[in-house]
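Summary of structural features
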Amino acid sequence: ALAAARLRNCINSFETFLVLRKDVMDFAVARLTERSKKLQRKGRRDNIASDPSGVDPEELLSSGSETISWAEALVFLREKNLVPDPNGLMISSVHIPLWQRSTGPSYEEKVELLQKSEKRRQKYEDNVIKKRKTAEEDAAFYNHMTKQGGTGM
C-alpha cells in the first residue's frame, strides 16, 4: 500500500510539469490523422472524433502563454479521446483484421507484370542469366562444402 501511495504521489506530481502547447497540438493532430487513415482503410468514416479537422488549434493555443501544465494537456487530450483508459480503449484504437490489411503483390500479379512490361521481363531474364551457374561451378561448390565438413550426402 505504501509503494502504491508513493507511485500515485509521483504521478500526481507530473501534473504540475509544463509542456509546450504546440507539442500537445502536434501530438493530437498526428494521432487523429493516423486514426483517420486507419478508419479510411477500413472503409469507415463514422467516427467524428477521429477527424483531424475537428481539432481547433486556437482551442488550445488561445492563451498567451506558450506552455500549459500537464494536467491541462491531459484534460484537452481526454476531450479528444486521445488518452487510453480502460473504458475507452476500444473506441480510441482502430483494429484492422489481418486479412483486410494491405499486402504486397501476389506471385500471379508479379508474373502478370513481367508479361506486360518488356523492360521488366528483360531485366528479370538478365538477372536469371547472371545468377545461373554451370555444372562445373556447382560441382566445385559442393566439393568445397563437403571438404569443410558435414554429412556430404
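Residues numbered from 1 in each chain as written. Predicted model: local features only at pLDDT ≥ 70, side-chain atom pairs only at ≥ 80, totals over all residues. Heavy atoms only, no water.

Some remarks on the overall build of the protein chain
Operational definition: Here a strand is any run of E in DSSP of at least two residues, a helix any run of H or I of at least four, and the numbering for each starts at the N terminus. Summary of the burial criterion: residues with accessible area below 20% of their type's maximum are buried, those above 50% are exposed, and those between are partly exposed, where the area comes from a 1.4 Å probe applied to protein chains only. Residues count as neighbours in contact if any of their non-hydrogen atoms are within 4.5 Å of one another. Each accessible area is a Shrake-Rupley estimate made with a 1.4 Å probe; only the visible protein chains count as cover when residues are assessed.
In terms of helices and strands, the protein chain carries 8 helices and 2 strands. Secondary structure elements in the protein chain, listed N-terminal to C-terminal, are α-β-α-α-β-α-α-α-α-α. Per-residue burial for the protein chain yields a buried fraction of 17% across its 153 residues. Here the contacts in the protein chain between residues at least 6 apart in sequence split such that 66% fall between residues at least 24 apart. Accessible surface computed for the protein chain: about 12,500 Å², of which carbon and sulfur atoms make up 57%.

A few points about the nonpolar core
Rule in force here: The set of buried Ala, Val, Leu, Ile, Met, Phe, Trp, Tyr and Cys residues whose side-chain atoms join them within 4.5 Å is what this entry labels a nonpolar core.
Core analysis: the biggest nonpolar cluster contains 11 residues, these being Val24, Met25, Ala28, Leu32, Ile68, Ala73, Leu74, Phe76, Leu77, Leu82 and Val83. Among the elements of the structure, α2 (21–42) and α4 (70–79) are those that each provide at least two residues to this core. If sequence neighbours within four positions are ignored, Val83 has contacts with Leu74, Leu77 and Arg78.

What about the confidence of the model for the protein chain?
Put simply, the test is: Residue-level confidence of the predictor, termed pLDDT, takes values from 0 up to 100.
Confidence in the prediction of the protein chain, expressed as mean pLDDT, is 79, and 76% of residues score 70 or more. Low pLDDT, under 50, characterises residues 47–53; the predicted model gives this stretch 14 contacts beyond four residues in sequence or across chains.

Some details on the pattern of salt bridges
Rules: Each reported salt bridge corresponds to a side-chain nitrogen of Lys or Arg within 4 Å of a carboxyl oxygen of Asp or Glu.
Tallying each qualifying case throughout the model produces 4 salt bridges. Lys22 is paired through a salt bridge with Asp26; the nearest N and O atoms lie 2.9 Å apart. Residue Lys22 and its partner Asp26 are both found in helix α2; the two are separated by 4 residues, about one turn of the helix. Classification of Lys22 by relative accessible area gives exposed; the value is 53%. Taken together, the shared-partner salt bridges connect Glu118, Arg121 and Glu125 into one network.

With respect to the packing of aromatic side chains
This is how it is decided: Two rings belonging to Phe, Tyr or Trp (six-membered ring only in the last case) form a pair when the distance between their centres is within 6.5 Å. Interplanar angles under 30 degrees mark stacking, angles over 60 mark edge-to-face geometry, and anything in between is tilted.
Under the defined criterion, the tally for this structure stands at 2 aromatic pairs. Relative to Phe17, the ring of Phe14 has its centre 5.4 Å away and its plane inclined at 50°; by these criteria the two rings are tilted. Using a relative accessible area of 42% as the deciding quantity, one classes Phe14 as partly exposed. Ring geometry for Phe141 versus Tyr142: centroids 5.2 Å apart, planes at 75°, classification edge-to-face. Given the relative accessible area of 44%, Phe141 is considered partly exposed. For Tyr142, a relative accessible area of 53% corresponds to the exposed category.

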